[in-house]
Amino acid sequence: MASLKKVLSKKKYIQINLKKTATNHLEIKAKINGIKGRFILDTGASNSCVGIDLIERFQLIAEVSDTKAAGAGATDMETQKSENNSLEIGKWKTNDCHLVLFDLTHVNTALKQHHAKKVHGIIGADVLEQGKAIIDYDRLTLYLKRTKVNKAVPF
């Protein structure tokens, strides 16, 4: 029987390593607009997010949003949005990444209490769906399907 890695490689998937944190979250390194960051991979988050205090760091163009954010013990949080950003996860890339910006203090406080490193944001289901994601929890590996934007990037 062929391994998952071989099967997905033939189907033009890109392999990305994950790290399990002290809080049992899956951590992923990514670049937004060419700037490196640390993110939690969250299949339950509908949108990918970045801390609102990091707008300048990631060179985001923020716009007012009527949407309220909720999650991880916080509700009714004010948000902003930033559209059409570049996102690179390993060798996978998109130039059509829309982000929700809000205060991630509560997330990072909880991580700190468990001796885990602070994160810059969350990679959510929107990106996972766009990349036709497959997660191998046993091997801590994320697979994202190559898109036209990253088609020229070697596997």
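Only a predicted model underlies this, so the values are computations on that prediction, with no experimental measurement involved. Counting restarts for each chain: residues are numbered from 1 in the order of the written sequence. Where totals are concerned, whole chains, interfaces and linings use all residues; where local detail is concerned, this predicted model gives features only for residues with pLDDT of at least 70, and gives and counts side-chain atom pairs only at 80 or more. Calculation of side-chain values draws on the structure's entire complement of heavy atoms; hydrogens and water are dropped beforehand.

## Here's the deal with the pairing of strand β4 (residues 35–41)
Right, so step 1: Two elements, strand β3 (residues 26–32) and β4, share seven bridges in a ladder whose sense is antiparallel. The residue of β4 that forms the bridge with Lys-31 is Lys-36.
Right, so step 2: Linking β3 to β4, which pair antiparallel, is a turn of two residues; within it Asn-33 sits at a positive phi near 50°. Only strands that DSSP links by at least two bridges are regarded as paired with each other. Only runs of H or I of at least four residues qualify as helices and only runs of E of at least two qualify as strands under DSSP, and these elements are numbered from the N terminus.

## With respect to the nonpolar core
Right, so step 1: Nonpolar cores are built from buried Ala, Val, Leu, Ile, Met, Phe, Trp, Tyr and Cys residues. Side-chain atoms within 4.5 Å join them into one set. Throughout this description, buried means an accessible area under 20% of the type-specific maximum (1.4 Å probe, protein chains only), exposed means over 50%, and partly exposed covers the range between. Val-50, Leu-87, Ile-89 and Leu-142 are the most contacted members of the largest nonpolar core, which has 26 residues in total.
Right, so step 2: Elements supplying a minimum of two residues to this core: β1 (13–17), β3, β4, β7 (74–89), β8 (92–102), α3 (125–130) and β11 (141–145).
Right, so step 3: The criterion used for residue contact is that any of the two residues' heavy atoms lie within 4.5 Å. Other than its neighbours up to four places away in sequence, Leu-87 contacts Ala-30, Lys-31, Ile-32, Trp-92, Lys-93, Thr-94, Cys-97, Ile-123 and Val-127.
Right, so step 4: Of all hydrophobic cores here, the second largest spans 12 residues; its members include Cys-49, Met-77, Leu-104 and Ala-116.

## Topic: the confidence of the model for the chain
Should pLDDT be low for a region, the predicted coordinates there are not to be read in detail.
Right, so step 1: pLDDT is a residue-level measure of predictor confidence that goes from 0 to 100. Taken as a whole, the chain shows an average pLDDT of 88; of its residues, 87% reach a score of 70 or greater.
Right, so step 2: No element of the chain has a lower mean pLDDT than strand β6 (residues 63–71), which averages 65, and none a higher one than β4, which averages 98.
Right, so step 3: Low pLDDT, under 50, characterises residues 151–155; the stretch is placed with 11 contacts to residues that sit more than four places away or in other chains.

## Side note on the sheet that holds strand β10 (residues 134–136)
Right, so step 1: Here three strands make up an open sheet; going across it, the order is β1-β11-β10 and the pairing antiparallel. Among the strands making up the open sheet, the edge pair consists of β1 and β10. Pairwise comparison of adjacent strand axes, ignoring direction, gives a mean angle of 25° for this sheet.
Right, so step 2: Relative to β11, β1 runs antiparallel, the two being bridged by five bridges. Looking at β11, one finds that Asn-17 is bridged to Thr-141. Convention adopted: a line fitted to C-alpha atoms gives each axis, helices being fitted over their contacting stretch, and angles between N-to-C directions are expressed from 0 to 180 degrees.

## Details of unusual backbone geometry
Right, so step 1: For His-115, which is not glycine, the phi torsion reads 60° and is therefore positive.
Right, so step 2: By secondary structure assignment, the location of His-115 is in the loop between α2 (105–113) and β9 (121–123).

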